[in-house]
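In case you want the letters, here they are:
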Amino acid sequence: GCPFPCTYCVRPYGRNVVYRSTEKVIGDVKRLVKDHGVKGLRFEDDTFGLDAGRAAAISGGLADLDIAWSCLSRPDTMEPSLAKKLYRGGCRRVYLGIESGSDRILEKLGRKHTARQGLETAIFLKDAGMEVAGFFLVGVPGETDQDLEAGLRLARKANLDYVGVSTLVPYPGTELFDSGDNEVRFNLLPFESHFADSGIRESGRRREKAFYRDYYYRPGYAIGRLNKLARNPVEMLKAAAAMSLHIVRRREDGKHGDLI
C-alpha cells in the first residue's frame, strides 16, 4: 500500500501499508535462489524505502546472496545512508517516481515533494552505485512545453540510466477523476477513461514521444551506453528496437508496453 495523496493514483494496494515480516521476505528470496536458481528480482512495494529500517534490514539479509534486485521509491522516502545499504545488499536499480521537473505540475499531481528532491535523490542513488530509472508524467492539464523541458533538464542533469514516460490518465476513483476540474469521458465496455478535451490528450501523446526522443536520441546518452552494449549487446539492441517502435507507433494500436 501507499499512504501518499497523489491525485491521479488508483492505489491498487490501498492506502494502508501492510508489511510481511522481514524474516519471511528474506526467507522467500533465499528459497527462490536456492530452489529455483533465481538471479534477480524486483520488489513491487509501492514505496520500498517508506520504512527505512525495514528496507535496510531486508537488504542486509540478502547481502550474502549472488543476486541483483531492484525496487520502487519516491524521492522523499530515500536517504543517502539507506542508498548505500541497499547497494551493499544487492540492489542495482531503483525505479524513482520523479514525475516532473516542474514544481507547479508536482503540486497539481499532489506529489508532496519538489523537483529538486527528485534531482538530488537520483544523484545520490547513482553515487551509491545503482542505476536509476526515472518515471515521468506528461499530459497534465495546464502543462506547457516549458514544463516538459524542465523534466528533460532534470533527467539530463541527473544522468538517468532510463526514463519511463506516461501520459496522464484520469482513472475512476482518483481525485483527478472526481474533482470535475476537467471533463472526463468514461465508459466501462469498451473501457475508456480520458480527458474529453482532445487537445489535452494529443499534447500528452506528443510530449511523451518528444521526451523519449529528446532524452535517448542524443550523443551523450549513446556514448554512455556503449560500455553496456559491449557487455550485453543482445539486451541493449532489443531495448533500442523497442524504443524506436514506441516512438513511431500510435498508442491506439494496443501495443504500448512498459519500456523499462
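Each chain has its residues counted from 1, following the order in which its sequence is written. Where local features are concerned, this predicted model is filtered to residues with pLDDT of at least 70; where side-chain atom pairs are given and counted, the filter is 80 or more; whole-chain, interface and lining totals use all residues. Heavy atoms throughout the structure, all of them, feed into the side-chain values; hydrogens and water do not.

(A) Representation of the overall build of the protein in the model. Check the secondary structure of the protein and you find 10 helices and 7 strands. Radius of gyration here is computed from C-alpha atoms only, and the compact-globule reference equals 2.2 Å multiplied by the residue count raised to the power 0.38. A compact globule built from 260 residues should have a C-alpha radius of gyration of about 18 Å, and the protein, at 19 Å, falls within 12% of that. Looking at the protein residue by residue over its 260 residues, the buried ones come to 45%. Every residue pair with non-hydrogen atoms within 4.5 Å of one another is taken to be in contact. Taking the intrachain contacts of the protein between residues at least 6 apart in sequence as the baseline, contacts between residues at least 24 apart amount to 70%. The accessible surface values rely on the Shrake-Rupley method and a 1.4 Å probe; as for residues, cover is taken only from the protein chains in view. Surface exposure of the protein reaches about 13700 Å², of which carbon and sulfur atoms provide 53%. Positive charge is attributed to Lys and Arg, negative charge to Asp and Glu, and no charge count is given to His or to the chain ends. Here the site of a charge means NZ on Lys, CZ on Arg, CG on Asp, or CD on Glu. Taking the average location of the 41 positive side-chain charges in the protein and that of its 35 negative ones, the two points are 4 Å from each other. Strands are runs of DSSP state E lasting at least two residues, helices are runs of H or I lasting at least four, and both sets are numbered from the N terminus onward. Each residue's exposure class comes from its accessible area (1.4 Å probe, protein chains only) as a fraction of the maximum for that residue type: buried when under 20%, exposed when over 50%, partly exposed otherwise.

(B) Main features of the packing of helix α6 (residues 145–158) against helix α8 (residues 198–216). Between α6 and α8, whose axes approach to 11 Å, the crossing angle comes to 30 degrees. One way to sum up the angle between α6 and α8 is to call them roughly parallel. Both α6 and α8 take part in a crossing whose hand is right-handed. Along its contact with α6, which presents Asp145, Leu148, Gly151, Leu152, Ala155 and Arg156, the element α8 presents Arg206, Arg207, Ala210, Phe211, Asp214 and Tyr215. As a working rule, the residues Ala, Val, Leu, Ile, Met, Phe, Trp, Tyr, Cys and Pro are called nonpolar, Asp, Glu, Lys and Arg charged, and the rest polar, with Gly in that last group. For the contact of α6 with α8, a count of residues per class yields 6 nonpolar, 1 polar and 5 charged. In this description, a line fitted to the C-alpha atoms serves as the axis of each element, helices being fitted only across the stretch in contact, and the angle between N-to-C directions of two axes falls anywhere from 0 to 180 degrees. Each angle is binned into one of four classes, with values under 35 degrees roughly parallel, values over 145 roughly antiparallel, values of 65 to 115 roughly perpendicular, and all other values oblique. In a left-handed crossing the near helix is turned counterclockwise from the far helix by less than a right angle, and in a right-handed crossing that turn is clockwise.

(C) Region of interest: the packing of aromatic side chains. Each Phe, Tyr or Trp ring (for Trp, its six-membered ring) is paired with any other whose centre lies within 6.5 Å, and the angle between the two planes then decides the class: stacked below 30 degrees, edge-to-face above 60, tilted in between. Under the criterion given, the structure shown has 11 aromatic pairs. With 5.3 Å between their ring centres and 85 degrees between their planes, Phe43 and Trp69 make a pair best called edge-to-face. Taken together, the residues Phe43 in the loop between β1 (40–42) and α2 (52–62) and Trp69 in strand β2 (residues 68–73) connect sequence positions 26 residues apart. The buried category is assigned to Phe43, whose relative accessible area is 9%. With a centroid separation of 4.9 Å and 75 degrees between ring planes, the pair formed by Tyr216 and Tyr221 is classed as edge-to-face. Among the aromatic residues, those joined into a cluster by ring pairs are Tyr212, Tyr215, Tyr216 and Tyr221. Note on geometry: a ring has a charge over it if NZ (lysine) or CZ (arginine) is within 6 Å of the ring centre and within 35 degrees of the ring normal. Sitting over the ring of Phe4, Arg74 keeps its end group 3.7 Å from the ring centre.

(D) A look at the packing of α2 against helix α3 (residues 80–88). Taken N-terminus to C-terminus, the directions of α2 and α3 make an angle of 25 degrees; their axes are 8 Å apart at the nearest point. As summarised for this structure, α2 and α3 are arranged roughly parallel, according to the angle between their axes. As α2 runs across α3, the sense of the crossing is left-handed. From α2, Ala52, Ala55, Ala56 and Ser59 reach across to α3, where they touch Leu82, Lys85 and Leu86. Its residues placed into classes, the contact of α2 with α3 shows 5 nonpolar, 1 polar and 1 charged.

(E) View of empty space enclosed by the protein. Cavities and pockets were defined on a 1 Å grid built from protein atoms only: a cavity is a group of points that admits a 1.4 Å probe but offers it no way out, a pocket is an open group of points flanked by protein on both sides within 12 Å along at least five of seven lines, and a lining residue is one with an atom within 4 Å of any such point. Grid points are joined across faces, edges and corners, and a volume is the space filled by probe spheres set on the points. Applying the stated criterion to the full structure yields 1 cavity of 30 Å³ or more. Size it by volume and the largest cavity reaches roughly 50 Å³. Taken together, Glu99, Ser100, Gly101, Phe136, Leu137, Val138, Glu143, Asp147, Leu148, Gly151 and Phe211 form the lining of the largest cavity. Counting only elements with at least two residues in the lining of the largest cavity, the list comes to β4 (131–138) and α6.

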